[in-house]
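# Overview (structure and organization)
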Amino acid sequence: MRVGIVGCGAIGTEISKAVDEDERMELVFLIDRHPEKVEALLHTLKKKPKFVRFSSEGFEELLPHIDLLVECASQSAVREFVLPALRAGKDVLILSVGALVDAELFEEVERSAKENGCRVFIPSGAIVGIDGLKSGHVRRIYHVRLRTRKPPLSFKGNKHVSFKELVEINEPKVLFRGSAKDAVQLFPENVNVAASLSLAGIGIEKTEVEIVADPSIDKNIHEVEVEGEFGRFVTVVENVPSPSNPKTSYLAALSAIATLKGIISNIKVGT
Ligand SMILES: NC(=O)c1ccc[n+]([C@@H]2O[C@H](COP(=O)([O-])OP(=O)(O)OC[C@H]3O[C@@H](n4cnc5c(N)ncnc54)[C@H](O)[C@@H]3O)[C@@H](O)[C@H]2O)c1
(Lines give C-alpha, C1' and ligand atoms only; values in the text may rest on other atoms or scores of the structure.)
Protein backbone atom coordinates (compact mmCIF):
# COMPACT_ATOMS: atom_id res chain seq x y z
CA MET A 1 0.00 0.00 0.00
CA ARG A 2 1.45 3.36 -1.09
CA VAL A 3 0.90 5.94 1.65
CA GLY A 4 1.12 9.75 1.74
CA ILE A 5 1.13 11.59 5.09
CA VAL A 6 0.03 15.15 5.89
CA GLY A 7 1.29 16.32 9.29
CA CYS A 8 4.71 15.42 10.71
CA GLY A 9 3.98 16.09 14.39
CA ALA A 10 3.53 13.65 17.26
CA ILE A 11 1.17 11.30 15.41
CA GLY A 12 2.67 11.71 11.90
CA THR A 13 6.12 10.82 13.19
CA GLU A 14 4.95 7.55 14.76
CA ILE A 15 2.92 6.58 11.68
CA SER A 16 5.78 7.38 9.27
CA LYS A 17 8.17 5.18 11.26
CA ALA A 18 5.64 2.32 11.30
CA VAL A 19 5.10 2.58 7.52
CA ASP A 20 8.88 2.71 6.99
CA GLU A 21 9.33 -0.49 9.00
CA ASP A 22 6.52 -2.48 7.34
CA GLU A 23 7.53 -4.04 4.03
CA ARG A 24 3.89 -4.19 2.89
CA MET A 25 3.75 -0.37 2.86
CA GLU A 26 5.65 2.39 1.08
CA LEU A 27 5.89 5.99 2.32
CA VAL A 28 5.50 8.08 -0.85
CA PHE A 29 5.25 11.63 0.50
CA LEU A 30 5.40 13.77 3.61
CA ILE A 31 3.75 17.20 3.88
CA ASP A 32 4.04 19.70 6.72
CA ARG A 33 3.82 23.47 6.76
CA HIS A 34 6.91 23.52 9.02
CA PRO A 35 9.96 22.32 7.01
CA GLU A 36 11.92 21.61 10.21
CA LYS A 37 9.34 19.01 11.26
CA VAL A 38 9.79 17.16 7.96
CA GLU A 39 13.58 17.41 8.18
CA ALA A 40 13.65 15.98 11.71
CA LEU A 41 11.44 13.09 10.67
CA LEU A 42 13.41 12.32 7.47
CA HIS A 43 16.53 11.67 9.55
CA THR A 44 14.79 8.83 11.39
CA LEU A 45 13.57 6.98 8.28
CA LYS A 46 15.40 4.12 6.56
CA LYS A 47 13.74 4.70 3.15
CA LYS A 48 13.23 8.36 2.24
CA PRO A 49 9.87 9.29 0.64
CA LYS A 50 9.85 10.29 -3.06
CA PHE A 51 8.24 13.66 -2.37
CA VAL A 52 8.32 16.27 0.39
CA ARG A 53 6.09 19.36 0.39
CA PHE A 54 5.44 22.32 2.72
CA SER A 55 1.97 23.36 1.49
CA SER A 56 -0.98 22.08 -0.52
CA GLU A 57 0.37 23.68 -3.71
CA GLY A 58 0.62 21.02 -6.40
CA PHE A 59 -0.91 18.43 -4.04
CA GLU A 60 -3.15 16.96 -6.80
CA GLU A 61 -0.03 15.97 -8.80
CA LEU A 62 1.12 13.73 -5.94
CA LEU A 63 -2.15 11.84 -5.65
CA PRO A 64 -1.68 9.36 -8.55
CA HIS A 65 1.37 8.02 -6.65
CA ILE A 66 -0.57 6.84 -3.55
CA ASP A 67 -3.35 4.43 -2.56
CA LEU A 68 -4.12 6.06 0.79
CA LEU A 69 -3.72 9.49 2.38
CA VAL A 70 -3.18 9.80 6.14
CA GLU A 71 -4.30 13.14 7.62
CA CYS A 72 -2.69 13.79 11.00
CA ALA A 73 -2.30 17.57 10.81
CA SER A 74 -5.24 19.74 11.89
CA GLN A 75 -8.95 20.27 11.35
CA SER A 76 -8.32 22.70 8.47
CA ALA A 77 -6.22 20.03 6.73
CA VAL A 78 -9.33 17.87 6.36
CA ARG A 79 -10.81 20.39 3.90
CA GLU A 80 -7.42 21.23 2.33
CA PHE A 81 -6.13 17.68 1.72
CA VAL A 82 -8.77 15.03 2.46
CA LEU A 83 -11.42 16.36 0.06
CA PRO A 84 -9.05 16.57 -2.96
CA ALA A 85 -7.75 13.05 -2.16
CA LEU A 86 -11.28 11.66 -2.12
CA ARG A 87 -12.11 13.44 -5.39
CA ALA A 88 -9.07 11.69 -6.89
CA GLY A 89 -10.48 8.34 -5.75
CA LYS A 90 -8.01 7.74 -2.90
CA ASP A 91 -8.81 6.15 0.45
CA VAL A 92 -8.16 8.38 3.48
CA LEU A 93 -7.44 7.91 7.17
CA ILE A 94 -8.50 10.91 9.28
CA LEU A 95 -7.05 11.72 12.72
CA SER A 96 -8.48 15.24 13.07
CA VAL A 97 -11.91 13.68 13.46
CA GLY A 98 -13.13 16.76 15.36
CA ALA A 99 -13.47 18.45 11.95
CA LEU A 100 -16.33 16.07 11.17
CA VAL A 101 -18.47 17.61 13.93
CA ASP A 102 -19.26 20.15 11.19
CA ALA A 103 -22.27 18.38 9.60
CA GLU A 104 -21.75 20.09 6.26
CA LEU A 105 -18.13 18.91 6.01
CA PHE A 106 -19.09 15.40 7.16
CA GLU A 107 -21.71 15.20 4.37
CA GLU A 108 -19.19 16.45 1.81
CA VAL A 109 -16.65 13.82 2.90
CA GLU A 110 -19.29 11.09 2.81
CA ARG A 111 -20.65 12.15 -0.59
CA SER A 112 -17.18 12.42 -2.15
CA ALA A 113 -16.23 8.98 -0.84
CA LYS A 114 -19.42 7.43 -2.27
CA GLU A 115 -19.14 9.16 -5.66
CA ASN A 116 -15.49 8.19 -6.09
CA GLY A 117 -15.70 4.68 -4.62
CA CYS A 118 -13.24 5.24 -1.78
CA ARG A 119 -13.16 4.54 1.93
CA VAL A 120 -12.70 6.85 4.93
CA PHE A 121 -11.01 5.29 7.96
CA ILE A 122 -11.41 6.88 11.40
CA PRO A 123 -9.30 5.16 14.07
CA SER A 124 -10.59 4.77 17.63
CA GLY A 125 -7.93 7.26 18.73
CA ALA A 126 -7.44 7.85 22.43
CA ILE A 127 -10.55 5.99 23.61
CA VAL A 128 -11.42 2.36 24.15
CA GLY A 129 -14.84 0.82 23.49
CA ILE A 130 -15.68 1.88 19.92
CA ASP A 131 -15.84 -1.83 18.98
CA GLY A 132 -18.55 -2.60 21.59
CA LEU A 133 -20.45 0.58 20.75
CA LYS A 134 -20.53 -0.32 17.04
CA SER A 135 -21.77 -3.84 17.81
CA GLY A 136 -24.36 -2.60 20.28
CA HIS A 137 -25.54 0.03 17.81
CA VAL A 138 -26.78 -2.70 15.45
CA ARG A 139 -29.74 -2.72 17.87
CA ARG A 140 -30.92 0.00 20.24
CA ILE A 141 -28.48 2.03 22.35
CA TYR A 142 -30.07 3.81 25.33
CA HIS A 143 -27.18 6.06 26.23
CA VAL A 144 -23.49 6.77 25.66
CA ARG A 145 -21.52 8.62 28.34
CA LEU A 146 -17.96 9.88 28.20
CA ARG A 147 -16.29 11.03 31.40
CA THR A 148 -12.91 12.65 30.84
CA ARG A 149 -10.55 13.39 33.74
CA LYS A 150 -7.42 15.46 33.20
CA PRO A 151 -4.92 17.29 35.42
CA PRO A 152 -6.27 20.85 35.97
CA LEU A 153 -3.43 22.57 34.08
CA SER A 154 -4.26 20.68 30.87
CA PHE A 155 -7.18 23.11 30.59
CA LYS A 156 -4.80 26.08 30.62
CA GLY A 157 -5.82 28.49 27.85
CA ASN A 158 -9.45 27.36 27.81
CA LYS A 159 -11.71 30.41 27.45
CA HIS A 160 -14.26 29.14 29.94
CA VAL A 161 -12.02 28.40 32.94
CA SER A 162 -9.57 30.96 34.28
CA PHE A 163 -5.96 30.06 35.11
CA LYS A 164 -6.58 31.21 38.71
CA GLU A 165 -9.54 28.83 39.00
CA LEU A 166 -7.43 25.93 37.68
CA VAL A 167 -4.54 26.58 40.07
CA GLU A 168 -6.90 26.66 43.05
CA ILE A 169 -8.50 23.27 42.32
CA ASN A 170 -7.51 20.89 45.14
CA GLU A 171 -10.08 18.14 44.64
CA PRO A 172 -11.80 16.72 41.50
CA LYS A 173 -14.03 19.41 40.01
CA VAL A 174 -16.65 18.95 37.28
CA LEU A 175 -16.00 21.65 34.66
CA PHE A 176 -18.70 20.58 32.23
CA ARG A 177 -21.68 18.26 32.02
CA GLY A 178 -23.87 18.19 28.91
CA SER A 179 -24.10 17.05 25.30
CA ALA A 180 -21.05 16.23 23.17
CA LYS A 181 -22.25 19.03 20.88
CA ASP A 182 -21.82 21.66 23.62
CA ALA A 183 -18.66 19.97 24.97
CA VAL A 184 -16.77 20.38 21.69
CA GLN A 185 -17.68 24.09 21.57
CA LEU A 186 -16.69 24.84 25.18
CA PHE A 187 -13.85 22.32 25.57
CA PRO A 188 -12.14 21.93 22.17
CA GLU A 189 -9.44 19.87 23.99
CA ASN A 190 -12.02 17.08 23.99
CA VAL A 191 -13.17 17.40 20.42
CA ASN A 192 -11.58 14.25 18.95
CA VAL A 193 -12.77 11.75 21.55
CA ALA A 194 -16.26 13.26 21.67
CA ALA A 195 -16.46 13.25 17.85
CA SER A 196 -15.28 9.63 17.43
CA LEU A 197 -17.70 8.39 20.07
CA SER A 198 -20.59 10.37 18.58
CA LEU A 199 -19.88 9.17 15.03
CA ALA A 200 -19.68 5.52 16.12
CA GLY A 201 -22.85 5.71 18.19
CA ILE A 202 -25.89 7.88 18.70
CA GLY A 203 -24.68 11.26 17.48
CA ILE A 204 -23.34 14.45 18.93
CA GLU A 205 -26.60 15.66 20.48
CA LYS A 206 -27.41 12.47 22.41
CA THR A 207 -23.87 11.51 23.50
CA GLU A 208 -23.37 12.77 27.08
CA VAL A 209 -20.05 14.23 28.25
CA GLU A 210 -18.64 15.08 31.66
CA ILE A 211 -15.28 16.84 31.98
CA VAL A 212 -13.43 16.78 35.29
CA ALA A 213 -10.27 18.61 36.37
CA ASP A 214 -8.59 16.21 38.80
CA PRO A 215 -5.45 17.31 40.69
CA SER A 216 -4.72 13.75 41.89
CA ILE A 217 -3.88 12.39 38.38
CA ASP A 218 -1.09 12.93 35.85
CA LYS A 219 -2.71 11.18 32.86
CA ASN A 220 -5.71 11.84 30.59
CA ILE A 221 -8.33 9.33 31.68
CA HIS A 222 -11.37 8.56 29.50
CA GLU A 223 -14.24 6.46 30.86
CA VAL A 224 -16.87 5.31 28.37
CA GLU A 225 -20.18 3.88 29.51
CA VAL A 226 -22.65 2.46 27.01
CA GLU A 227 -26.03 0.91 27.73
CA GLY A 228 -28.34 -0.66 25.18
CA GLU A 229 -30.37 -3.73 24.26
CA PHE A 230 -27.10 -5.74 24.38
CA GLY A 231 -26.51 -4.89 28.07
CA ARG A 232 -23.95 -2.44 29.44
CA PHE A 233 -20.20 -1.90 29.31
CA VAL A 234 -17.74 0.47 30.91
CA THR A 235 -14.17 1.09 29.71
CA VAL A 236 -11.42 3.11 31.34
CA VAL A 237 -8.21 4.16 29.62
CA GLU A 238 -5.35 5.94 31.40
CA ASN A 239 -3.49 7.57 28.56
CA VAL A 240 0.24 8.22 28.52
CA PRO A 241 0.95 11.49 26.65
CA SER A 242 2.96 11.43 23.41
CA PRO A 243 6.60 12.35 24.09
CA SER A 244 6.55 15.28 21.61
CA ASN A 245 3.00 16.58 22.20
CA PRO A 246 1.59 16.14 25.74
CA LYS A 247 -1.90 17.08 24.48
CA THR A 248 -1.94 13.97 22.30
CA SER A 249 -2.32 10.55 23.87
CA TYR A 250 0.22 8.00 22.64
CA LEU A 251 -2.63 5.52 22.10
CA ALA A 252 -4.06 7.78 19.35
CA ALA A 253 -0.92 7.29 17.22
CA LEU A 254 -0.85 3.55 17.94
CA SER A 255 -4.52 3.27 17.02
CA ALA A 256 -3.84 4.86 13.62
CA ILE A 257 -0.97 2.42 13.01
CA ALA A 258 -3.20 -0.52 13.99
CA THR A 259 -5.87 0.75 11.55
CA LEU A 260 -3.29 0.88 8.71
CA LYS A 261 -2.13 -2.65 9.49
CA GLY A 262 -5.78 -3.75 9.58
CA ILE A 263 -6.37 -2.38 6.06
CA ILE A 264 -3.61 -4.55 4.56
CA SER A 265 -4.23 -7.65 6.65
CA ASN A 266 -6.19 -10.56 5.21
CA ILE A 267 -7.60 -11.50 8.59
CA LYS A 268 -9.36 -8.79 10.56
CA VAL A 269 -9.90 -9.33 14.27
CA GLY A 270 -12.29 -7.10 16.14
CA THR A 271 -15.36 -5.19 15.02
N1 LIG B 1 -8.52 10.97 16.86
C2 LIG B 1 -7.92 11.16 18.02
O3 LIG B 1 -8.22 10.52 19.04
C4 LIG B 1 -6.83 12.18 18.15
C5 LIG B 1 -6.01 12.21 19.28
C6 LIG B 1 -5.00 13.14 19.33
C7 LIG B 1 -4.85 14.08 18.32
N8 LIG B 1 -5.69 14.06 17.25
C9 LIG B 1 -5.59 15.05 16.18
O10 LIG B 1 -4.61 14.62 15.23
C11 LIG B 1 -3.98 15.76 14.65
C12 LIG B 1 -2.45 15.61 14.80
O13 LIG B 1 -2.11 15.54 16.17
P14 LIG B 1 -0.58 15.69 16.67
O15 LIG B 1 -0.57 15.49 18.12
O16 LIG B 1 0.31 14.88 15.78
O17 LIG B 1 -0.34 17.25 16.36
P18 LIG B 1 1.06 18.03 16.27
O19 LIG B 1 0.73 19.45 16.55
O20 LIG B 1 2.12 17.34 17.04
O21 LIG B 1 1.43 17.88 14.70
C22 LIG B 1 0.62 18.40 13.67
C23 LIG B 1 1.54 18.74 12.49
O24 LIG B 1 0.72 19.04 11.37
C25 LIG B 1 1.20 20.23 10.75
N26 LIG B 1 0.04 20.89 10.11
C27 LIG B 1 -1.10 21.29 10.71
N28 LIG B 1 -1.97 21.78 9.80
C29 LIG B 1 -1.34 21.69 8.60
C30 LIG B 1 -1.71 22.05 7.27
N31 LIG B 1 -2.91 22.58 7.01
N32 LIG B 1 -0.82 21.83 6.27
C33 LIG B 1 0.40 21.29 6.53
N34 LIG B 1 0.81 20.92 7.78
C35 LIG B 1 -0.06 21.12 8.79
C36 LIG B 1 1.84 21.06 11.87
O37 LIG B 1 2.83 21.92 11.37
C38 LIG B 1 2.41 19.97 12.78
O39 LIG B 1 3.76 19.67 12.48
C40 LIG B 1 -4.55 16.99 15.36
O41 LIG B 1 -5.59 17.56 14.58
C42 LIG B 1 -5.13 16.42 16.64
O43 LIG B 1 -6.22 17.18 17.14
C44 LIG B 1 -6.66 13.12 17.14
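Definitions and cut-offs
Residues numbered from 1 in each chain as written. Predicted model: local features only at pLDDT ≥ 70, side-chain atom pairs only at ≥ 80, totals over all residues. Heavy atoms only, no water. Phe/Tyr/Trp six-rings, centres within 6.5 Å; stacked < 30°, edge-to-face > 60°. Helix = DSSP H or I, 4+ residues; strand = E, 2+ residues; numbered from the N terminus. Buried < 20%, exposed > 50% of the residue type's maximum accessible area, 1.4 Å probe, protein only. Domains from an automatic or database assignment. Buried area = accessible area lost by both parts, 1.4 Å probe. Salt bridge = Lys/Arg side-chain N within 4 Å of Asp/Glu carboxyl O. Polar contact = N/O pair within 3.5 Å; in protein donor to acceptor, adjacent residues only side chain to side chain. Contact = heavy atoms within 4.5 Å. Pairing = 2+ DSSP bridges. Axes fitted to C-alpha atoms, helices over the stretch in contact; angles between N-to-C directions. Near = heavy atom within 4 Å. Areas by Shrake-Rupley, 256 points an atom, 1.4 Å probe, with all protein chains shown as cover. Nonpolar A, V, L, I, M, F, W, Y, C, P; charged D, E, K, R; others polar. Patch = residues over 30% accessible without salt bridge, like charges linked within 9 Å, V, L, I, M, F, W, Y side chains within 5 Å.

Here we take up the packing of aromatic side chains. According to the stated counting rule, one finds five aromatic pairs in the structure shown. Here the aromatic rings of Phe176 and Phe187 are separated by 6.0 Å at their centres, their planes lie at 55°, and the arrangement is tilted. Of the two residues, Phe176 is situated in strand S8 (residues 173–179) and Phe187 in the loop between helix H8 (180–186) and helix H9 (191–200); the sequence distance between them amounts to eleven residues. Like Phe176, the residue Phe187 is buried in the burial classification. A connected cluster of aromatic rings, assembled from ring pairs, spans Phe29, Phe59 and Phe81.

Now for the domain arrangement of the protein chain. Per the domain assignment, the segments of the protein chain are domain 1 (2–122 + 251–264) and domain 2 (130–239). For the domain 1 and domain 2 pair, buried surface summed over both sides reaches about 610 Å², with 77% attributable to carbon and sulfur atoms. The largest contributions to the domain 1 side of the interface with domain 2 come from Val97, Val101 and Leu251, which together make up 61% of the buried area. At the surface where domain 1 touches domain 2, the tally comes to zero salt bridges. Where domain 1 packs against domain 2, one counts two residue pairs in polar contact (both at pLDDT 80 or more).

Turning next to the environment of Ser96. Mapped onto the fold, Ser96 is located in the loop between strand S5 (91–94) and helix H5 (103–116). It is 7.3 Å that separates the C-alpha atoms of Ser96 and Val78, two residues lying 18 residues apart in sequence. Apart from the residues within four sequence positions on either side, Ser96 is in contact with Glu71, Ala73, Ser74, Gln75, Val78 and Asn192. At 3.4 Å, the side chain of Ser96 and the backbone nitrogen of Ser74 are in polar contact.

This brings us to the side chain of Ser255. Within the secondary structure, Ser255 is located in helix H10 (residues 250–264). Of the residues examined, Ser255 reaches a relative accessible area of 12% and is grouped as buried. Looking at Ser255, its side chain comes within polar contact range of the main-chain nitrogen of Ser124, at 3.4 Å. Other than its neighbours up to four places away in sequence, Ser255 contacts Pro123, Ser124 and Gly125.

Here we take up the sheet that holds strand S9 (residues 208–213). The strand order S8-S9-S7-S10-S11 describes an open sheet built from five strands, whose pairing is mixed. In this open sheet, the two strands that pair with only one neighbour each are S8 and strand S11 (231–239). Averaged over neighbouring strand pairs, the angle between their axes works out to 10° when direction is ignored. The sheet contact formed by S8 and S9 spans six bridges and is antiparallel. Following the sheet pairing, Gly178 is matched in S9 by Val209. H9 rests against strand S7 (141–150) and strand S10 (220–228) of the sheet, and its axis sits at about 165° to S7.

A separate point is the site of the ligand. Taken together, 25 residues surround the ligand, and among them Ile11, Asp32, Ser74, Ser96 and Thr248 come closest. Taking Ala126, its main chain carries an N or O atom lying 3.3 Å from an oxygen atom of the ligand. A distance of 2.5 Å separates an oxygen atom of the ligand from a polar side-chain atom of Thr248. Out of a free accessible area of 860 Å², the ligand has 86% covered by protein chains. If one sorts the elements of the shell around the ligand by residue count, helix H4 (residues 75–87) sits on top with four residues. Classifying every residue of the shell around the ligand by side-chain character gives eleven nonpolar, ten polar and four charged.

What follows concerns the pattern of salt bridges. Applying the stated criterion across every chain, the model contains 21 salt bridges. Between Glu26 and Lys50 there is a salt bridge, with its nearest N and O atoms 3.4 Å apart. Linking Glu26 in strand S2 (residues 26–31) with Lys50 in the loop between helix H2 (35–42) and strand S3 (51–53), this pair joins segments that are 24 residues apart in sequence. For Glu26, a relative accessible area of 34% puts it in the partly exposed group. For the salt bridge of Asp91 with Arg119, the shortest nitrogen-to-oxygen distance reads 3.2 Å. Here Arg119 lies in the loop between H5 and strand S6 (120–121) and Asp91 lies in strand S5, a separation of 28 residues in the sequence. The partly exposed category is assigned to Arg119, whose relative accessible area is 46%. Taken together, the salt bridges that share partners define one network made up of Arg147, Arg149, Arg177, Glu210, Asp214 and Glu223.

Take a nonpolar patch on the surface next. There is a patch of nonpolar side chains on the surface, built from Leu153, Phe163 and Val167 and spanning about 300 Å² of accessible area. Mapped onto the secondary structure, Val167 falls in helix H7 (residues 163–168). Residue Val167 is classed as exposed on the basis of its relative accessible area of 52%.

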